[in-house]
Amino acid sequence: METIAVYWEPKIRVYGVSTFAGLSLYTLIFPAGQLAHWGGLIASLAEAGTGFRLVNQQVQATGEIILQLLLQPDERHREIGRIIAGGCENGRAGICRLQSPVDLVYMHGPHFQDRYGIAEAAITPLTKAEIPLLAAGCTGTSIYLVVPEGCAGKAVACLGATFVLDGGGGRRSGGADDDEK
Amino acid sequence: MDSNLLAEEQRIAIGGIRFSVELVHYRHRQLSPDDRSLADLLHLVAGRRINLPFFCSGRTDGLATSSFCVAAADALEVDATLAAMDGGRGAGDAPPLAGRLAKTERVGTLTIFPHRHSPALLGRVIVSLAGAQIAIHSLCTSISALSLNIDFDLLERAAATLQPVVSLPEHHAPFRPEFAIRQIER
């Protein structure tokens, strides 16, 4: 049996768009052999009671691993910073860079994981507008775009060229987001 | 306390694990701040109506590294697109994608859901896979799921490796794709 679904959309519709301000982006760069070390350290962040908003990890051309954690800064940020900085072991286990505050644009939409052109529609408008993309993730039905502080509004305006962003969402500072149902 | 009960208590309850179809993984490296070849590449791939079920990007020293996957069945067309992109250069210019792209074949995505934003789950999954010598080509989270790209042939072993870490619903076996959705028109 074959089922064919067609989205007739001149512009891509989304279920919602939200922006968040005041987040902290940790970028860890370390040798591949240190992956277990950093995994253990990330697990220990749970003891500080924090939760991540976005995580991505890639292998760089050098063979090193780049792992980015987007966290909500709160009263625990000193403890989190101490744990992560301690993991660097004076640079032997890798290096950590912190960018804070940063903004996040979050969107989700129907069957984004099955449809062509979704990543392009999210990335290209920001590239054209020369908005630096500090981190991004497009998996499942989610799109996360991490941009410098104060850039979320401009990013959403640009994304209006490729997405229908006329409903829902809003600007938030902190707060836990809802799970996808 | 019984050691089995203790071990069970330490496992993190999740809703399930899902495997993808066979994929091909590409990594793109930006070579200079004004290098827009990724946007060009994404535009051409979208123009061929090829879906990217996974995309992530990060930046160090002002330059982006991006990873994406396509279904193995689409890889030939992607490669043709990339070749055409390189062939379109002017005389004497460097190929637009030279030194920028790395390709890994026979990749699969192992998706764990829900992650509940838990560093404990993420960290223990990473530790377990690293301990089992299962390389993670890339990973990214959605609002509810953690998706890890590993060698396609290691999906089963990876799921077995994670058994001491996660607690699955009774009789749960990893979901495998039984059908594919392809958008044919926008």
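Preceding block: the structure.
As a starting point, this report considers the structure included with it. Values in this document were obtained by computation on a predicted structure and should not be read as measured data.

**Things to note about the packing of aromatic side chains**
Residue and element names in this part refer to chain A. Overall, the coordinates contain four aromatic pairs over all chains when judged by the stated rule. Between the aromatic rings of Phe 30 and Trp 38, the centroid separation amounts to 5.7 Å while the plane-to-plane angle is 25°, which identifies the pairing as stacked. Residue Phe 30 shares its accessibility class with Trp 38, and that shared class is buried. Seen in terms of ring centroids, Tyr 106 and Tyr 144 are 4.9 Å apart; in terms of plane orientation they differ by 45°. Their pairing is tilted. Highlighted residues: Tyr 106 in strand 5 (residues 95-108) and Tyr 144 in strand 7 (residues 142-148), separated in sequence by 38 residues. Using a relative accessible area of 0% as the deciding quantity, one classes Tyr 144 as buried. Of note, Arg 53 hangs over the ring of Phe 20, and the distance from its end group to the ring centre comes to 4.4 Å.

**Description of the interface of chain A and chain B**
Facing the 63 residues of chain A at the interface are 49 residues of chain B. Summed over both sides, the interface of chain A with chain B buries roughly 5100 Å², with 59% coming from carbon and sulfur. Here chain A is connected to chain B by two salt bridges. Here Asp 61 of chain B makes a salt bridge to Arg 97 of chain A, at a shortest N to O gap of 3.2 Å. Between chain A and chain B we count 20 residue pairs in polar contact (both at pLDDT 80 or more) in total. Broken down by element, the residue count for the side of chain A that touches chain B peaks at eight residues, all from strand 3 (residues 52-59) of chain A. Here the residues of the side of chain A that touches chain B are counted per class, giving 33 nonpolar, 18 polar and twelve charged. Where strand 3 of chain A lies against strand 7 (residues 138-141) of chain B, three bridges are found, and the strand directions are antiparallel. Bridge pairing in strand 7 of chain B links Gln 58 of chain A to Ser 138 of chain B.

Procedures and definitions
- Residues numbered from 1 in each chain as written.
- Chains lettered and ligands numbered in written order.
- Predicted model: local features only at pLDDT ≥ 70, side-chain atom pairs only at ≥ 80, totals over all residues.
- Heavy atoms only, no water.
- Phe/Tyr/Trp six-rings, centres within 6.5 Å; stacked < 30°, edge-to-face > 60°.
- Buried < 20%, exposed > 50% of the residue type's maximum accessible area, 1.4 Å probe, protein only.
- Helix = DSSP H or I, 4+ residues; strand = E, 2+ residues; numbered from the N terminus.
- Lys NZ or Arg CZ within 6 Å of the ring centre and 35° of its normal.
- Contact = heavy atoms within 4.5 Å.
- Buried area = accessible area lost by both parts, 1.4 Å probe.
- Salt bridge = Lys/Arg side-chain N within 4 Å of Asp/Glu carboxyl O.
- Polar contact = N/O pair within 3.5 Å; in protein donor to acceptor, adjacent residues only side chain to side chain.
- Nonpolar A, V, L, I, M, F, W, Y, C, P; charged D, E, K, R; others polar.
- Pairing = 2+ DSSP bridges.

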